[in-house]
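# Chain and residue survey
Single-letter residue listing:
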Amino acid sequence: DLPRHDCLKLVNVCYQPLQVELGRRVVTMEKVVEYDPLQKDKYLSSVWVNGQQSAEKCARIRERLMEAVKLKPGYEEKARYRKQKRVETREAKKRAKREAKGIISLNTNATGSD
């Protein structure tokens, strides 16, 4: 269900599957009428074909995707592994930064004492 607007005309929709259950769309629309702020309520009432139900469905998509992912076998183990890797990477970057500062500091001291 795509949102609609009285000022826009749907030109093209291209769907790209990313996984078996997941994909994304590129939607191209063309402006056919200037937007009138006085018509805001009218525009909002016709945005979704299925009304509020469609709006809520789109608004909750991230939550629904996360719920679906958590149901897959091995999710908890993979999540722990990814978190551990992020922590290790962050610590390695900090360590490298401290070492680089130490080298710069040593080089500055060495050249400054000449």
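Read on for an overview of the structure. (Residues numbered from 1 in each chain as written. Predicted model: local features only at pLDDT ≥ 70, side-chain atom pairs only at ≥ 80, totals over all residues. Heavy atoms only, no water.)

### Thoughts on the overall build of the protein chain
Per the secondary structure count, the protein chain includes 4 helices and 2 strands. In the protein chain, the order of α-helices and β-strands from amino to carboxyl end is β-β-α-α-α-α. When each of the 114 residues of the protein chain is scored for burial, the buried share is 7%. Relative to all contacts within the protein chain whose residues are 6 or more apart in sequence, the contacts with residues 24 or more apart total 41%. Of the roughly 10,200 Å² of accessible surface on the protein chain, a fraction of 55% belongs to carbon and sulfur atoms. (Helix = DSSP H or I, 4+ residues; strand = E, 2+ residues; numbered from the N terminus. Buried < 20%, exposed > 50% of the residue type's maximum accessible area, 1.4 Å probe, protein only. Contact = heavy atoms within 4.5 Å. Areas by Shrake-Rupley, 256 points an atom, 1.4 Å probe, with all protein chains shown as cover.)

### Here we look at the pattern of salt bridges
Counting across every chain of the model gives 4 salt bridges. One salt bridge in this structure joins Lys-42 and Asp-6, with 3.5 Å as the shortest N-O distance. Highlighted residues: Lys-42 in helix 1 (residues 40-45) and Asp-6 in the segment before strand 1 (8-17), separated in sequence by 36 residues. A relative accessible area of 49% means that Lys-42 is categorised as partly exposed. Overall, the relative accessible area of 34% leaves Asp-6 in the partly exposed class. Glu-34 is the partner of Lys-31 in a salt bridge, and the nearest nitrogen-oxygen pair spans 3.4 Å. (Salt bridge = Lys/Arg side-chain N within 4 Å of Asp/Glu carboxyl O.)

### Some details on a positive patch on the surface
A cluster of basic residues, Lys-72, Lys-78, Arg-82, Lys-83, Arg-86, Arg-90, Lys-94, Arg-95 and Arg-98, forms a positive patch on the protein surface. Tracing the backbone shows Arg-86 in helix 4 (residues 75-112). Arg-86 sits in the partly exposed class, given a relative accessible area of 46%. (Patch = residues over 30% accessible without salt bridge, like charges linked within 9 Å, V, L, I, M, F, W, Y side chains within 5 Å. Lys, Arg positive; Asp, Glu negative; His and termini not counted. Charge placed at Lys NZ, Arg CZ, Asp CG, Glu CD.)

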